[in-house]
Amino acid sequence: MAARTLVQKIWDAHIVAEFGDGLDLLHIDRHLIHDLSGPASLGKLAERGLPVRSPELTFAMPDHTVSTAVGRTDADTRAGRMLVPALRERTHAEGIRLFDLDDPEQGIVHVVGPELGLTLPGVTVVCGDSHTCTHGGLGALGWGIGSSDLTHVLATQTIVQRRPKQMRVICSGRLGTGVEPKDLVLHLIGEHGADGAAGFAVEYAGSAIDSMPVEGRMTLCNLAIEFGAKIGIVAPDDATFDYVAGRRYAPAGALWELALASWRELASDADAAFDREIEIDAAAVSPQITWGTSPAHTMALDGEIPDPESAQVPAARLARSKALGHMGLNAGDRLLGVPVQHVFIGSCANSRISDLQTAAQIVRGRRVAQGVRAWVVPGSQAVRREAEELGLDRVFTAAGFQWREPGCSMCLGVNEELVPPGERCVATSNRNFVGRQGPGARTHLAGVATAAAAAIAGRIADPRQLAREPADG
Amino acid sequence: MDSFTSVQGAAIPLQVPDIDTDVITPIKRVMEGAEAITQYAFEPLRYTPDGALNPDCPLNQDAYRDAPILLAGANFACGSSRETAVWAIRALGIRCIIAPSFGDIFFDSCFENGLLPIALAQADVDALAAHAGAGEFRVDLERRQITSPTGETVPFTVNPVQREALLSGRDSIERTLGREDEIADFQQRDRELRPWVYELAHV
Ligand code: SF4
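A. Just the interface of chain A and chain B, in detail. Between chain A and chain B, the residue contacts involve 76 residues of the former and 55 residues of the latter. In total, about 5300 Å² of surface goes out of reach between chain A and chain B, with carbon and sulfur atoms giving 60% of it. If you look at where chain A meets chain B, you find six salt bridges. A salt bridge links R162 of chain A to D108 of chain B; the shortest N-O distance between them is 2.9 Å. Applying the counting rule to chain A against chain B returns 18 residue pairs in polar contact (both at pLDDT 80 or more).

Quick look at the structure:
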């Protein structure tokens, strides 16, 4: 057989029927459903009198519309009142496992899937959410779908898909101390554009990926969609298998041995052809932050905002100067020292235990600056429990952070957890689009350490600097 | 779903790159229901911060009222998977979007909603946009060809299966349900090969 890429191998293993010209009917192994996009499609299916084809491969949880306040109920937000009971009712009627608001496993769908061992190497995962690419961090083929496709998957457990072009991003070297996978991917998007990988599935490879912990690989794959790719993936290796082993829904015993043997085949063949290859020297990447309203509007944390005139396409120049207007910034400004009113540590990009540990290292023994509203929103109940066992919650609350319940929270303004117009937020989430955190909100995307440092300093600050100064505690 | 064979009319030049689906349908409006989704489609571009219609936005200009074609910038409709973006654009009367590149999820969703997305080189989109406002364009899916007001024609490619779906207006769910035997066969074979996918512990 001809040499194939990792994506092609997984793709081929899921073909139910071929329509020609790169369009295939693929089997879906895991369908994840959430409160925002699930109820409408479940309702559509019921309207058509169709049952859910494979409820045993479908898993649901509320995350987008729910409040993350301690003591919350699903009645606390307008959207939650509408959608969470609908999700509950429809999943119950269809026999779909729901991790409800009071379930000890509830959380953001892209955090919970991997953590429960629902996401496995080599499986296809879809969800009515564009960040389903996150699951690629475990070597799964995951992508986001719209509501028509969502209904299609519910009805048939398959999806009609175009075979994507193949891109490999080789990350050589190793990330420096204090530089996060988030910085690497923001840098990549900054260099190659928010459509740099449009139409491609992206495989991340190279020494920086080999040495990257599995949670970091999920962060990297999470922002594949911000790079224009529906799919991001890392070949599974021993670190992946260690991560998956013993998870609640992961195979065990003889099944585990069988699975492992098959997963070891999941790598691009040495002579597999990619339509495009990009190399990036991970060692040269420094902490990054966005200055504008596209994830491609990224700069070095200690750099200066580039001149919009430096953009190649005229339309991009205009977009960049509009973005500066929205952000209340000027070309040539430094971001270091710019006052912030909000800090959000959370979202499916950066809310796993390793992220909270990174943040806690900066925060420990320090205080959140006056006038800053700083939140830590763990990605799941499991992350929250583990953090509490490690005492991280006390590090955060002692500093003046709010320690909240799992959910999407300030990543997306649908749960009434907003940044007010004109105010500035450093966020560890993945989108700085106009209106994403609320109308008029000014969002700076960054890694966890940079967000934590901003909370302490009350302005955009360099965590490496802070790490050198002694804390009192 | 409505079928699509061809459309004729004005083309709106909106060549801003990276217009994301949060801009096309802001989440606040999504939660307010179908009417708000349409009324506030492209809200940050179509409205000024004080809530008035922005006369500078081509979507608001008389010349492009009821135009069925949108000439968009690169990476059009990137971001969130929300299909409301497709619905809002359809509700504005648009049936065809021509852009250098699209958000992948949006691109596929268009075909499920009777909307034709066409990817052309930036220079070709620019050339078409140069004639926007100068008369009627025609997009012919059967012949896979765009005709500009000056009579110039530009060919485009479209996946044959997706083209067929648009031409017939047939729902993909119906088509796939007709393949239930193949799906059941696949699952049966696959269960032998990868039993761990189907036999989950502790469900
Ligand atoms: S945390 Fe943000 S990006 Fe992730 S699933 Fe929720 S809304 Fe989407």
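From this point, the discussion proceeds with the structure in view.
B. The arrangement of the site of the ligand in detail. All names here are of chain A. The local shell around the ligand consists of H64, H110, D129, H131, S347, C348, C408, C411, L412, N430 and R436. Taken together, the residues that form the shell around the ligand break down as four nonpolar, five polar and two charged. Counting the residues that make up the shell around the ligand, at least three belong to each of domain 1 (6-161 + 238-259) and domain 3 (288-467).

C. Broad picture of the nonpolar core. Judged by nonpolar contacts, the single largest core of 65 residues is most densely connected at L141, W143, V244 and W263 of chain A. Every residue in contact with V244 of chain A, bar those within four places of it in the chain, is listed here: L120, P121, L138, A250, W256 and W263 of chain A. The next biggest cluster of nonpolar side chains, apart from the first, holds 54 residues, and it includes V7, I69, L115 and A129 of chain B.

D. Representation of the domain arrangement of chain A. Residues and elements named next belong to chain A. If you check the domain split of chain A, you get domain 1 (6-161 + 238-259), domain 2 (165-237 + 267-284) and domain 3 (288-467). Relative placement of domain 2 and domain 3: their C-alpha centres are 22 Å apart. Our count for the contact surface shared by domain 2 and domain 3 stands at one salt bridge. Across the pair R431 and E226 runs a salt bridge, and its minimum N-O distance is 2.8 Å. In this assembly, domain 2 and domain 3 are joined by 12 residue pairs in polar contact (both at pLDDT 80 or more). Those elements that provide at least two residues to the side of domain 2 that touches domain 3 are α6 (181-192) and α8 (214-222). Looking at the side of domain 2 that touches domain 3, the element that brings in the most residues is α6, giving six residues. Grouping the constituent residues of the side of domain 2 that touches domain 3 by class yields six nonpolar, five polar and five charged.

E. Broad picture of the sheet that holds strand β15 (residues 342-345) of chain A. Residues and elements named next belong to chain A. If you trace the five strands from one edge of the open sheet to the other, you get β17-β16-β15-β18-β19, paired in parallel fashion. Unpaired on one side and paired on the other, β17 (402-403) and β19 (442-445) mark the two borders of the sheet. Where strand β16 (residues 373-376) lies against β17, two bridges are found, and the strand directions are parallel. Across the sheet, residue W375 finds its bridge partner in β17, namely Q402.

F. Looking closely at the domain arrangement of chain B. Domains assigned within chain B are domain 1 (6-169) and domain 2 (171-203). Computed over C-alpha atoms, the centres of domain 1 of chain B and domain 2 of chain B are 36 Å apart.

G. Structural detail: the environment of D355 of chain A. Residue and element names in this part refer to chain A. By the element assignment, D355 lies in helix α12 (residues 353-363). On the basis of relative accessible area, D355 is assigned to the buried category, the value being 9%. For the pair formed by D355 and T219, sequence separation is 136 residues and the distance between their alpha carbons is 9.8 Å. Non-local contacts of D355, meaning those with residues more than four positions away in its chain, are made with A349, N350 and V448. Separated by 3.0 Å, the side chain of D355 and the backbone nitrogen of S351 make a polar contact.

H. The arrangement of the pattern of salt bridges in detail. Counting across every chain of the model gives 34 salt bridges over all chains. For R90 of chain B, the salt bridge is made with D2 of chain B, and the minimal N-O distance between the two is 3.0 Å. Here D2 of chain B lies in the segment before β1 (6-9) and R90 of chain B lies in helix α5 (residues 84-91), a separation of 88 residues in the sequence. You can call R90 of chain B partly exposed: its relative accessible area is 22%. Residue D2 of chain B is classed as partly exposed on the basis of its relative accessible area, which comes to 42%. A single network of salt bridges, built from pairs that share partners, joins R4, D12, D24 and R163 of chain A.

I. Up close: unusual backbone geometry. Even without being a glycine, S409 of chain A presents a positive backbone phi close to 50°. Tracing the sequence through the fold places S409 of chain A in the loop between β17 and β18 (424-427). Take S409 of chain A: its relative accessible area is 0%, and that puts it in the buried class. Of note, the phi angle at R144 of chain B is positive, near 50°, even though the residue is not glycine. Here R144 of chain B lies in the loop between β6 (137-140) and β7 (145-147).

J. Expanded view of the packing of aromatic side chains. One pass over the structure, following the stated rule, counts 13 aromatic pairs over all chains. Ring centres of F59 of chain A and Y249 of chain A lie 6.1 Å apart, and the angle between their planes is 50°; this geometry places the pair in the tilted category. Remark: Y249 of chain A occurs in the loop between α9 (238-244) and α10 (253-263) and F59 of chain A occurs in strand β4 (residues 58-61); sequence separation between them is 190 residues. Accessibility assignment for this pair places F59 of chain A and Y249 of chain A in one class, buried. Plain terms: the ring middles of F99 of chain A and Y249 of chain A are 6.4 Å apart, the flat faces sit at 75° to each other, and that makes the pair edge-to-face. Within this pair, whereas F99 of chain A is found in the loop between β5 (97-98) and α4 (109-115), its partner Y249 of chain A is found in the loop between α9 and α10, the two being separated by 150 residues in sequence. The structure contains a cluster of three or more aromatic residues connected by ring pairs, namely F42, F76, F102, F106, F107 and F111 of chain B. Over the ring of Y40 of chain B we find R29 of chain B; its NZ or CZ atom is 3.7 Å from the centre of that ring.

About the thresholds
- Residues numbered from 1 in each chain as written.
- Chains lettered and ligands numbered in written order.
- Predicted model: local features only at pLDDT ≥ 70, side-chain atom pairs only at ≥ 80, totals over all residues.
- Heavy atoms only, no water.
- Contact = heavy atoms within 4.5 Å.
- Buried area = accessible area lost by both parts, 1.4 Å probe.
- Salt bridge = Lys/Arg side-chain N within 4 Å of Asp/Glu carboxyl O.
- Polar contact = N/O pair within 3.5 Å; in protein donor to acceptor, adjacent residues only side chain to side chain.
- Near = heavy atom within 4 Å.
- Nonpolar A, V, L, I, M, F, W, Y, C, P; charged D, E, K, R; others polar.
- Domains from an automatic or database assignment.
- Core = buried A, V, L, I, M, F, W, Y, C linked by side-chain atoms within 4.5 Å.
- Buried < 20%, exposed > 50% of the residue type's maximum accessible area, 1.4 Å probe, protein only.
- Helix = DSSP H or I, 4+ residues; strand = E, 2+ residues; numbered from the N terminus.
- Pairing = 2+ DSSP bridges.
- Phe/Tyr/Trp six-rings, centres within 6.5 Å; stacked < 30°, edge-to-face > 60°.
- Lys NZ or Arg CZ within 6 Å of the ring centre and 35° of its normal.

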